[in-house]
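Residues per chain, in single letters:
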Amino acid sequence: MLIRFATYPAKTSLTARLITSVIAVAGMVGLAGCDNAQSRTPAKSETQKHEATSSSAPVAKNESQLQQMLAANLAKSGITAKITSVTATSMPNIYWVKAEGLPAFFTDATGQYVVQGDIIKVGGAKPEHISANLQAQDAKASLATIDKKDMIIFPAKGQTKAAIYVFTDADCGYCRKFHSEIDEVNALGIEVRYLPWPRSEQTMPIMEKIWCSSDRKKALTDAKLGMPINAPTCSNPVRKIYELGANLGINGTPAVFDTEGHQLGGYVPPAELAQALNLK
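First, a word on what this report is: a plain description of the structure on this page. (Residues numbered from 1 in each chain as written. Predicted model: local features only at pLDDT ≥ 70, side-chain atom pairs only at ≥ 80, totals over all residues. Heavy atoms only, no water.)

Focus: the sheet that holds strand E9 (residues 190-196)
Taking strand neighbours across the sheet as the criterion, the five strands line up as E7-E9-E8-E10-E11 in an open arrangement whose pairing is mixed. With partners counted over all chains shown, the strands left at the sheet margins are strand E7 (152-154) and strand E11 (263-265), one partner each. For this sheet the average axis-to-axis angle between neighbouring strands, irrespective of direction, equals 30°. Pairing of strand E8 (residues 162-168) with strand E10 (residues 255-258) involves four bridges; the strand directions are antiparallel. Each bridged residue has a counterpart across the sheet, and for Phe167 the counterpart in E10 is Ala255. Contacting E7, E8 and E9, helix H7 (residues 204-212) runs over the sheet at an angle of about 125° to E9. Of the strands in this sheet, E7, E8 and E9 touch helix H8 (residues 216-224), which is tilted by about 90° from E7. (Pairing = 2+ DSSP bridges. Helix = DSSP H or I, 4+ residues; strand = E, 2+ residues; numbered from the N terminus. Axes fitted to C-alpha atoms, helices over the stretch in contact; angles between N-to-C directions. Contact = heavy atoms within 4.5 Å.)

Observations regarding the environment of Asp258
Among the secondary structure elements, Asp258 is positioned in strand E10. For Asp258, a relative accessible area of 12% corresponds to the buried category. Placed 95 residues apart in sequence, Asp258 and Ala163 show a C-alpha to C-alpha distance of 6.5 Å. Excluding its chain neighbours within four sequence positions, the residues that come into contact with Asp258 are Leu143, Ala163, Tyr165, Leu264 and Leu277. Looking at Asp258, its side chain comes within polar contact range of the main-chain nitrogen of Gly261, at 3.0 Å. There is a polar contact of 2.9 Å between the side chain of Asp258 and the backbone nitrogen of His262. (Buried < 20%, exposed > 50% of the residue type's maximum accessible area, 1.4 Å probe, protein only. Polar contact = N/O pair within 3.5 Å; in protein donor to acceptor, adjacent residues only side chain to side chain.)

Some words on the sheet that holds strand E3 (residues 102-108)
With antiparallel pairing, the four strands of this open sheet are ordered in space as E1-E2-E3-E4. Across the chains shown, the open sheet's two edge strands, defined by having one partner strand only, are strand E1 (83-88) and strand E4 (114-115). For E3 and E4, the ladder comprises two bridges, and the chain directions are antiparallel. If you follow Thr107 over to E4, its bridge partner there is Val114.

Let's talk about the packing of aromatic side chains
On inspection of all chains with the given rule, the structure shows six aromatic pairs. Ring centres of Phe178 and Tyr194 lie 6.3 Å apart, and the angle between their planes is 85°; this geometry places the pair in the edge-to-face category. In this pair, Phe178 sits in helix H5 (residues 173-180) while Tyr194 sits in strand E9, placing the two residues 16 residues apart along the sequence. The exposure class of Tyr194 is buried, given its relative accessible area of 0%. Taking 4.6 Å as the distance between ring centres and 25° as the angle between the ring planes, the aromatic pair formed by Trp197 and Tyr242 counts as stacked. (Phe/Tyr/Trp six-rings, centres within 6.5 Å; stacked < 30°, edge-to-face > 60°.)

Here it is in structure tokens:
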């Protein structure tokens, strides 16, 4: 599980929220009594009862019913989230779930189990990365909703061979390193589409000033050099794009995506970036 270092209140993963709830309960139990070896092994009758309960869990008849069952199970565990879609995957009885304010995740046909991570199908000529493909589809669709006027674009030099989306922050060291190589990246025929993703509440105003500047490209470059940015307050897309990135599971910057929605990594040197985009 990835650990978020940002202090700006972000959409935390469902796994993290569930684990927090479990730890809170475990902490209360620990304070209430002493642990011993016997208490770690449930009695046979308790185990059988658990197995009976699990095996008798109702299975959804369709995706709409599963959506309702999952939401109800989450609510019972103290997680309130609006489920927006449940889609069957190529893995039997496993579904891809999208919810407001949460990165996408998997669930089973009972809506009792949550999986956040990689699912890979083997047995064919090549492994099929089920989760990566679904995540890329979601990212591609989400990125396509962002108007180009809300991006800061550094165009390719000469022929445009590829384009990338880069979620960036003003004071991130690796973001600054990437930007220091922007001319080299553009020279490789790569268009860079910057998107704001402040990692903390402290950099939120700076990113908003950059996006409110009359010359955004200069303001972004100046900010990455540590220079102050002066700009009037304006209506800007920074918080909206931040939320979009958080829903894609971003938890640090830079976060680089190709136009098909595949995340290429964080900081990637120009030559390796060109290779990842199949330009070399």
